[in-house]
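Structural characterization, general
For reference, the chains in residue letters:
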Amino acid sequence: MKGAESGKDDYSEYDTPHLIMTYTALLSLAILRDDFERLNKPGILKLVRSCQRADGSFTSLPNGGDSDLRQVYCAFAISSILDDWSGIDVGSAVKYIQRCSNYEGGYGQSPGGEALGGTTYCALASLYLALSQSTSSVSPHLSPEERTRTIRWLLQNQTPVGGFSGRTNKVPDACYCFWAGASLHILGASEYVNVTALASFLSKCQFKFGGIAKAPEDTPDPYHTYMAVAALALYPPEGADKSYNLPKLNALWNTTEDTAEWIRSHIQRRS
Ligand SMILES: [Zn+2]
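Residues numbered from 1 in each chain as written. Predicted model: local features only at pLDDT ≥ 70, side-chain atom pairs only at ≥ 80, totals over all residues. Heavy atoms only, no water.

Re the coordination of the zinc ion
Taken together, the protein ligands of the zinc ion are Asp173 (OD), Asp173 (OD), Cys175 (SG) and His224 (NE2), with distances of 2.1 to 2.4 Å. Each of the four donor atoms around the zinc ion contributes to a set of angles spanning 54 to 116 degrees, which defines the coordination as irregular. Positions of the donor residues of the zinc ion along the chain correspond to the pattern D-x1-C-x48-H. By relative accessible area, which is 13% here, aspartate 173 ends up buried. (Donors = N, O, S within 2.8 Å, 3.2 Å for Na, K, Ca; no water. Tetrahedral: all angles 85-135°; square planar, octahedral: opposite > 155°, others 65-115°. Buried < 20%, exposed > 50% of the residue type's maximum accessible area, 1.4 Å probe, protein only.)

Listed below in structure tokens is the structure:
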């Protein structure tokens, strides 16, 4: 596509919108319960369209930036939130995701890359979000063999101490308890996760003055704190006290089910 056809030429380097920031802004507005009266839906769809490349992948900016499965996920999540997939060539994007599939069963950040927990989540969430629309001849469905292979790889990454690692033979990390845990949840394989061991690992990652670190004895940060809590929302340990009564999580959009419902009623069902 030439720049003029894709709309890339309409953006200058000084006022460029960003695909990942647009996804987080939509979720942030929904969390703040904005009424979305002023949402510029055509403008957002134009951004999504401008970021897709000929190989199906997306850049974070209309004129460049990073390009891997993280941007694909954001484009799919934005389209799903807006309930409008007209900004995406879904068929070529799904083919790109399929090319990122790795022999281990996970997905690399880009084709040929090592399987990673975070990008495996991006791939699976994107494919399952795409199931809600059917404009493409390329099926986002996983074959039974692909699904089994991915479940096996994810489960192998739950280490003996209960936490998940993000790559084969790496140490466990609190954030991968979400990336891998949510991936298994999306695949309908939650029952195979050892929830007691998972909660035990995450409780050891909690810093004594608050916050959760990536590993026991490490320094806490907001990212790992959120990811650990999100993992526990998907996998509450049996018999835990009521501090574990977390809001239900929507694993595909990575937000609470209450916020997802706000999106449905204030963006999708708006006449
Ligand atoms: Zn981490």
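Now that the structure is up, let's keep going.
Some thoughts on the domain arrangement of the protein
Taken domain by domain, the protein holds domain 1 (1–141) and domain 2 (142–240). Domain 1 and domain 2 are separated by 25 Å when their C-alpha centres are compared. Of the residues lining the interface, 20 residues belong to domain 1; the matching set on domain 2 comes to 17 residues. Regarding the contact of domain 1 and domain 2, the summed buried area is about 1,500 Å², with carbon and sulfur atoms giving 62% of it. Of the charged contacts in the structure, one is a salt bridge between glutamate 114 and arginine 167, with a shortest N-O distance of 3.3 Å. One can count six residue pairs in polar contact (both at pLDDT 80 or more) joining domain 1 with domain 2. (Domains from an automatic or database assignment. Contact = heavy atoms within 4.5 Å. Buried area = accessible area lost by both parts, 1.4 Å probe. Salt bridge = Lys/Arg side-chain N within 4 Å of Asp/Glu carboxyl O. Polar contact = N/O pair within 3.5 Å; in protein donor to acceptor, adjacent residues only side chain to side chain.)

Quick word on the packing of helix H4 (residues 69–82) against helix H11 (residues 257–268)
Relative placement of two packed helices is described by the angle separating their axes and the distance separating the axes. Viewed as axis vectors pointing N to C, H4 and H11 meet at an angle of 65 degrees, and their least axial separation amounts to 8 Å. Counted together, Ser80, Ile81 and Leu82 of H4 and Ile263, Ile267 and Gln268 of H11 form the full contact between these two elements. In terms of residue class, the contact of H4 with H11 is built from four nonpolar, two polar and no charged. (Axes fitted to C-alpha atoms, helices over the stretch in contact; angles between N-to-C directions. Helix = DSSP H or I, 4+ residues; strand = E, 2+ residues; numbered from the N terminus. Nonpolar A, V, L, I, M, F, W, Y, C, P; charged D, E, K, R; others polar.)

A short note on the nonpolar core
Phe58, Phe76 and Phe178 are the most contacted members of the largest nonpolar core, which has 80 residues in total. In terms of residue count, H4 provides more of this core than any other element does, 10 residues in total. Each of domain 1 (1–141) and domain 2 (142–240) gives at least three residues to this core. (Core = buried A, V, L, I, M, F, W, Y, C linked by side-chain atoms within 4.5 Å.)

Things to note about H4
Between its first and last C-alpha, H4 extends 20 Å over 14 residues, near the 20 Å set by a 1.5 Å rise per residue. Of all the 14 residues making up H4, 13 are buried; the element is thus mostly covered by neighbouring parts of the structure. Phi for aspartate 83, located one or two positions after H4, is positive at around 55 degrees. (Expected span 1.5 Å × (residues − 1).)

Topic: the packing of H4 against helix H6 (residues 117–130)
At a closest axis distance of 9 Å, the pairing of H4 and H6 adopts a crossing angle of 30 degrees. Between H4 and H6, the angle is such that the two are roughly parallel. The handedness of the crossing between H4 and H6 is left-handed. Across from Leu69, Arg70, Val72, Tyr73, Phe76, Ala77 and Ser80 in H4, the residues of H6 making contact are Thr119, Tyr121, Cys122, Ala123, Ala125, Ser126, Leu129 and Ala130. Split by residue class, the contact of H4 with H6 holds 11 nonpolar, three polar and one charged. (Parallel < 35°, antiparallel > 145°, perpendicular 65-115°, else oblique. Left-handed = near helix turned anticlockwise from the far one by under 90°.)

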